[in-house]
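Below are the chains, spelled out letter by letter.
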Amino acid sequence: MLNKNQISENMDKFMKTLFPICRSITGKGVKQTLELINELIPLEIKYTPTGTKVFDWIIPEEWNINDAYVKNSKGEKIIDFSKSNLHLVSYSIPIKTKLSLNELKEHLFTIKEQPDVIPYVTSYYDKNWGFCLPYNQYIQLDDDGLYEVFIDSEFSNGNLIYGEFLIPGRLKEEVLLTCYVCHPSMCNDNLSGIVLLTFLASHLKKFPLKYSYRFLFIPETIGSITWISKNEQNLSNIKFGLVSTCLADSGNMTYKKTRSGDNEIDKITEYVLSSQAKDFKIMDFSPLGSDERQFCSPGIDLPIGSLMRTPYLSFPEYHTSNDNLDFIKIENLFDSLLNYLEVIFIIENNEIFKNLNPKCEPNLGIRGLYPSFGAGNKKTELIKAFSWVLNFSDGKHSLLDIAIKSKIDFKLIKKASEILLEKNLLILD
Amino acid sequence: MLNKNQISENMDKFMKTLFPICRSITGKGVKQTLELINELIPLEIKYTPTGTKVFDWIIPEEWNINDAYVKNSKGEKIIDFSKSNLHLVSYSIPIKTKLSLNELKEHLFTIKEQPDVIPYVTSYYDKNWGFCLPYNQYIQLDDDGLYEVFIDSEFSNGNLIYGEFLIPGRLKEEVLLTCYVCHPSMCNDNLSGIVLLTFLASHLKKFPLKYSYRFLFIPETIGSITWISKNEQNLSNIKFGLVSTCLADSGNMTYKKTRSGDNEIDKITEYVLSSQAKDFKIMDFSPLGSDERQFCSPGIDLPIGSLMRTPYLSFPEYHTSNDNLDFIKIENLFDSLLNYLEVIFIIENNEIFKNLNPKCEPNLGIRGLYPSFGAGNKKTELIKAFSWVLNFSDGKHSLLDIAIKSKIDFKLIKKASEILLEKNLLILD
Amino acid sequence: MLNKNQISENMDKFMKTLFPICRSITGKGVKQTLELINELIPLEIKYTPTGTKVFDWIIPEEWNINDAYVKNSKGEKIIDFSKSNLHLVSYSIPIKTKLSLNELKEHLFTIKEQPDVIPYVTSYYDKNWGFCLPYNQYIQLDDDGLYEVFIDSEFSNGNLIYGEFLIPGRLKEEVLLTCYVCHPSMCNDNLSGIVLLTFLASHLKKFPLKYSYRFLFIPETIGSITWISKNEQNLSNIKFGLVSTCLADSGNMTYKKTRSGDNEIDKITEYVLSSQAKDFKIMDFSPLGSDERQFCSPGIDLPIGSLMRTPYLSFPEYHTSNDNLDFIKIENLFDSLLNYLEVIFIIENNEIFKNLNPKCEPNLGIRGLYPSFGAGNKKTELIKAFSWVLNFSDGKHSLLDIAIKSKIDFKLIKKASEILLEKNLLILD
């Protein structure tokens with residue numbers, strides 16, 4: 001179905017195109033990112049003006065950055081935004097000034113434990129400025145003369161923008177798949193989710209689907225708050241969903257459960273992970289993390305899980321310049337994509353049937369579904385699947401429930417149900 | 001109560017009498033078997049004519065077999081039904097013909113992995129014929145000349161028959177105990193169930209009982225379907241039940257749960273097995289197996305478990321000529337019988353009481369139930385049992401629940417309840 | 001808050017004052033004990049006359065003892081009540097007689113397995129008498145001449161007395177804390193509960209409390225039956241409670257659950273024990289034990305657990321002269337007191353809140369609750385606690401539920417809730 005080489009190559013190319021862009025929660029970087037996604041899937045871009053109240057929050061001014069650097073007393077650029085957009089604290093105010101080292105240090109950020117990386121720092125809601133640099137560079141800054149600080153950023157009334165793509169299915173019920181588009185040059189935390197959802201959407205839109213699938217490409221936190229605020233009337237259409245992030249590192253798959261922990265999406269995703277040979281991890285819900293913090297807030301309480309590889313905060317490259325193109329592997333991202341497709345396969349096919357011949361077993365032999373010579377011990381897995389599907393198609397057990405109970409693969413259970421349906425032994429509940 | 005030697009000897013004799021008979025789902029073999037059971041317990045034999053519709057099935061023609069063999073080109077009988085009734089595929093059509101080895105082979109059944117056994121094969125619902133033989137014999141058949149095939153079988157309008165025996169108790173509620181009578185010469189799978197239920201019925205009918213006990217001796221699948229179909233109006237009388245099979249091998253006891261898995265019979269049987277020193281196995285329900293497939297079909301859904309030793313399919317002798325008199329041991333069958341009696345003891349005595357003095361403890365001392373000199377640490381198990389029974393006789397906990405909670409043997413809990421009942425401290429709920 | 005040295009010293013002094021008193025279920029010993037408690041906390045002493053019916057029981061005559069001994073034929077006192085009040089079986093009738101060794105032996109109690117201890121024996125409801133002595137002494141009694149037995153005890157119409165102390169809180173709902181005052185000179189089983197509850201009450205009465213706290217100092221069994229009988233109309237005020245006993249030995253803490261096992265007091269106490277570094281033990285409810293037998297009888301069924309160290313019957317010193325001042329350690333009793341205070345801290349503070357901004361997260365930054373520079377991985381435990389409290393303050397989860405879910409210490413969860421309450425982000429449910 002999927003051409004692994006072709007898709008991997010395209011994902012790799014797209015990742016490399018997106019990487020250099022300086023994204024933040026507003027501004028040209030997000031817009032450029034959404035336009036690039038729009039070349040692959042038809043994205044509806046939504047605008048929410050600066051100053052709009054979204055629940056407890058207010059859409060901030062749009063922030064754009066042209067240039068930023070720090071020069072030493074010799075006039076040498078020792079920190080240069082044009083070399084890495086992580087050097088600048090996101091949402092830094094414009095400034096042009098000269099400072100002593102001590103004054104400057106109040107605006108410098110490093111990670112002592114990882115002395116060679118540039119950390120990722122933001123200051124969205126406090127008007128401030130700062131630079132990020134490796135600790136090893138930081139400790140070598142000398143105290144001779146003044147440093148020149150230059151930040152050419154602009155704040156303006158503008159818009160918070162996000163992208164949205166709906167694949168309509170037979171049913172109005174929606175599966176929500178969401179990622180965030182607000183981080184500068186980092187791959188696993190941010191871009192991996194964008195690239196995966198773009199290619200997933202691009203693949204799914206070719207097929208007729210039972211459920212509708214809504215893809216969101218939004219700035220984290222303020223973006224999801226805005227989207228929820230503007231779509232509050234339609235949230236009841238959402239059956240369940242997943243937050244997509246950290247999908248290209250070399251770790252095993254991790255599933256973070258929904259707030260209740262017992263939703264159908266929890267059962268489906270845990271089944272997909274457990275039916276593979278590889279190790280995996282299941283985490284309980286916590287209100288720390290990504291946009292599930294908003295979707296699972298108590299007044300919204302949507303069943304949104306998160307399917308990832310190594311979770312944010314659990315890999316040292318997280319929120320540093322080391323979360324770069326070298327850190328990730330496209331084959332891991334492709335493997336993550338396959339996991340998402342497995343999950344969606346079950347979402348689409350997890351029917352509940354009723355046995356139309358519920359009193360004792362139907363005679364499968366006269367329907368050509370049973371071997372002529374009965375030997376008791378020669379039952380194929382398909383014949384066993386017939387028995388399981390017939391017995392538990394009582395209007396209470398879904399095909400996935402039956403697959404779990406029987407320990408027979410979901411795909412074979414589904415195949416058995418299709419044959420039984422064709423023979424008029426089942427009906428959709 | 002039970003004379004082990006006497007009963008074992010009688011069971012052994014009965015097993016040996018039943019072994020040679022060629023049983024199938026209809027015909028003289030079943031009839032002869034039921035008549036032999038009827039010599040030990042008064043069996044009501046029920047007839048259902050060929051062609052009768054029972055749910056999705058139709059009662060097949062009655063099948064009887066006089067003789068069957070295959071001769072080689074030298075006229076030697078190389079396969080002879082009269083030497084083992086497993087040689088012939090059950091329900092083979094009559095035939096008299098000569099065939100080349102290649103043509104013959106399409107009708108021969110062997111088990112390569114068990115080269116010295118004759119497999120058990122049936123073809124109830126497809127008009128066909130076949131012979132079964134050891135693989136080692138099969139590979140030595142030579143290609144010189146034609147083989148003569150002779151099967152002197154008869155199909156006729158007749159009846160599906162089964163036997164039924166009800167021991168009426170004080171209550172109309174029934175415990176269903178069922179086994180199948182349709183296998184030719186095989187001991188553990190088939191005869192062990194017949195022999196056990198015959199002697200269990202023969203023993204139980206001597207005592208006044210609380211519940212009614214219904215014993216079924218039926219052809220597997222078509223027999224249980226027929227019985228359920230004819231008794232659909234009375235199924236609500238069935239409290240729960242057990243399928244009896246595979247009860248004479250040397251393995252540990254196994255209990256296969258009812259469909260819901262949380263019925264009283266599940267609790268009782270698991271308690272009986274776990275309160276013995278020996279290992280045992282608890283299996284979840286599956287819709288593969290014996291007549292629980294029909295009793296537990298979603299439109300019938302009776303709480304029927306299965307109490308056995310090594311389950312069908314789990315011992316290599318299953319459905320072969322090796323499941324013979326040498327394979328089983330009567331002492332194992334007797335041990336199985338004791339397990340059934342333990343289960344029935346709890347069924348009969350698992351009352352729910354109400355404490356008539358529920359506010360604080362009653363004064364056991366003035367009723368002669370407590371030692372004069374209290375030393376705190378000298379309580380007998382019986383006195384502890386008094387406390388447990390009094391505390392949990394709240395109309396919600398059965399004596400078995402109390403035995404499980406207290407880890408005091410059910411029989412002592414029952415004895416405590418009897419004494420407390422006599423002292424007017426309890427009342428039946 | 002607590003002065004460890006001061007309180008330990010006072011508890012030690014009190015324990016030593018109480019130790020020599022000969023207590024029984026009635027009589028001067030109980031009265032004297034209650035008067036000593038009354039010097040530390042204002043105790044209401046309740047009288048129930050001999051002959052009063054309390055549920056299934058009748059208040060016995062008051063028993064007092066002046067002197068008791070056994071002399072050998074040489075006139076030597078070989079057993080002397082004045083040396084240990086355990087020598088006399090409690091509630092022995094008055095007697096003055098001469099007996100042969102064989103006749104005497106019917107009234108002697110020893111423990112062969114612990115040959116050097118005096119056992120503790122009672123005969124409350126059978127008019128009888130007896131002496132207790134070490135087995136090693138018992139086997140050396142010689143058969144020369146008659147023994148003189150003298151017991152100067154008195155039975156009289158009098159009262160069963162117990163002490164009660166209520167600390168009224170803001171709410172009428174009561175936490176019941178109960179211990180027994182009927183054992184003669186034994187420390188861990190009996191006195192440790194009395195001393196702990198006296199000092200706990202003395203400490204708690206200084207503070208404004210949410211719940212009311214009722215302390216009972218009662219004779220075991222007949223005392224709790226009497227109290228329940230006289231207070232039946234008010235039992236619905238009791239939220240839950242604990243029986244206090246065996247609190248000064250060197251074992252780890254043990255919690256014996258309430259009858260249902262899933263009450264809030266179970267959750268609280270298990271949390272307190274599990275949040276310490278030390279080992280601890282959780283026991284299921286059983287109707288054997290102390291006054292929980294009455295409080296948890298099926299017609300009363302109050303949620304009363306028992307928080308102790310090594311349970312009765314589990315330490316060899318139990319109910320012997322070895323359960324003395326040398327056996328216990330005041331530092332263990334103090335540690336037990338701290339455990340009770342931890343439990344009460346959670347009882348008092350385990351609120352259920354509702355998030356007043358339940359749709360998405362509130363903006364903590366504008367309320368000064370979030371650091372200006374966001375770096376994702378720099379969240380303090382307090383900020384995490386904000387997220388947990390906000391997300392699960394949905395009217396269903398208590399602060400303890402949130403502490404358990406989040407694995408964040410209850411005290412920090414409580415602190416977070418206080419700050420959020422102050423910021424008008426929470427409201428009491």
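Relevant structure appears above.
Residues numbered from 1 in each chain as written. Chains lettered and ligands numbered in written order. Predicted model: local features only at pLDDT ≥ 70, side-chain atom pairs only at ≥ 80, totals over all residues.

Let us look at the overall build of chain A. Counting secondary structure elements, chain A contains 12 helices and 19 strands. Overall, the C-alpha framework of chain A stretches about 95 × 40 × 35 Å when taken along its three principal axes. Relative to its full complement of 429 residues, chain A shows a buried share of 47%. Here the contacts in chain A between residues at least 6 apart in sequence split such that 79% fall between residues at least 24 apart. (Helix = DSSP H or I, 4+ residues; strand = E, 2+ residues; numbered from the N terminus. Buried ≥ 20, exposed ≤ 12 C-beta atoms within 10 Å, placed from the backbone. Contact = placed C-beta atoms within 7 Å.)

Once that is clear, we can look at the packing of helix α7 (residues 264-274) of chain C against helix α9 (residues 330-349) of chain C. Residues and elements named next belong to chain C. Relative to each other, α7 and α9 sit at 130°, their axes nearing to 9 Å. In terms of orientation, α7 and α9 fall into the oblique class. Two packed elements cross with a definite hand, and for α7 against α9 that hand is right-handed. Of α9, the residues touching α7 (which contributes I268, T269, Y271 and V272) are N339, E342, V343, I346 and I347. (Axes fitted to C-alpha atoms, helices over the stretch in contact; angles between N-to-C directions. Parallel < 35°, antiparallel > 145°, perpendicular 65-115°, else oblique. Left-handed = near helix turned anticlockwise from the far one by under 90°.)

Residue and element names in this part refer to chain B. Mapping I328 onto the fold places it in the loop between β16 (304-308) and α9 (330-349). Accessibility expressed as a C-beta count within 10 Å gives 25 for I328, which makes it buried. Separated by 309 residues in sequence, I328 and F19 place their C-alpha atoms 12 Å apart. Among residues more than four places away in sequence, those in contact with I328 are C187, N188, S192, A248, D249 and L333.

The next thing to look at is the interface of chain A and chain C. At the junction of the two partners, chain A supplies 26 residues and chain C supplies 22 residues. A class-by-class count of the residues in the side of chain A that touches chain C yields 15 nonpolar, eight polar and three charged. (Nonpolar A, V, L, I, M, F, W, Y, C, P; charged D, E, K, R; others polar.)

A few words on the sheet that holds strand β19 (residues 426-428) of chain C. Whether parallel or antiparallel, the strands of a sheet pair through hydrogen bonds between backbone atoms. All names here are of chain C. Spatially, three strands are ordered β18-β17-β19 in an open sheet, and the strand pairing comes out antiparallel. Every interior strand has two partners, whereas the edge strands, β18 (394-398) and β19, have only one. Strand after strand, the sheet turns through a mean of 40° between neighbouring axes, direction not considered. Here strand β17 (residues 352-355) runs beside β19; their pairing, made up of three bridges, is antiparallel. Bridged to N355 within β19 is L426. (Pairing = 2+ DSSP bridges.)

It is worth spelling out the relation of the copies chain C and chain B at this point. Taken as rigid bodies, chain C and chain B are interconverted by a rotation of 120° and an axial shift of 0.0 Å, the fit giving an RMSD of 0.1 Å. The two molecules are tied by a three-fold rotation axis, judged by turn and shift. Ranked by how close their C-alpha atoms come to the rotation axis, the residues of chain C are headed by D262 of chain C, at 12 Å. (Least-squares fit on C-alpha atoms with pLDDT ≥ 70 in both.)

Residues and elements named next belong to chain B. Running from amino to carboxyl end, helix α10 (residues 381-392) crosses helix α11 (residues 399-406) at an angle of 125°, the nearest separation of the two axes being 10 Å. Taken together, the axes of α10 and α11 lie oblique to each other. α10 and α11 meet at a crossing whose hand is right-handed. Of the residues in α11, those in contact with W388, V389 and F392 of α10 are D401, I402, K405 and S406.

The two faces of a sheet get side chains in turn, since along a regular strand they alternate between them. Residues and elements named next belong to chain A. Bridge analysis of strand β4 (residues 62-71) against strand β9 (residues 147-156) gives nine bridges, and the strand direction is antiparallel. Note on β9: the bridge partner recorded for A68 is I151. The turn linking β4 back onto strand β5 (residues 77-80) is made up of five residues, and G75 within it adopts a positive phi angle of 85°.

Turning next to the interface of chain C and chain B. Counting residues at the interface gives 26 residues for chain C and 22 residues for chain B. Of all the secondary structure elements, the ones that give two or more residues to the side of chain C that touches chain B are α6 (222-230) and α8 (292-295) of chain C. Of the residues that constitute the side of chain C that touches chain B, the class distribution is 15 nonpolar, eight polar and three charged.

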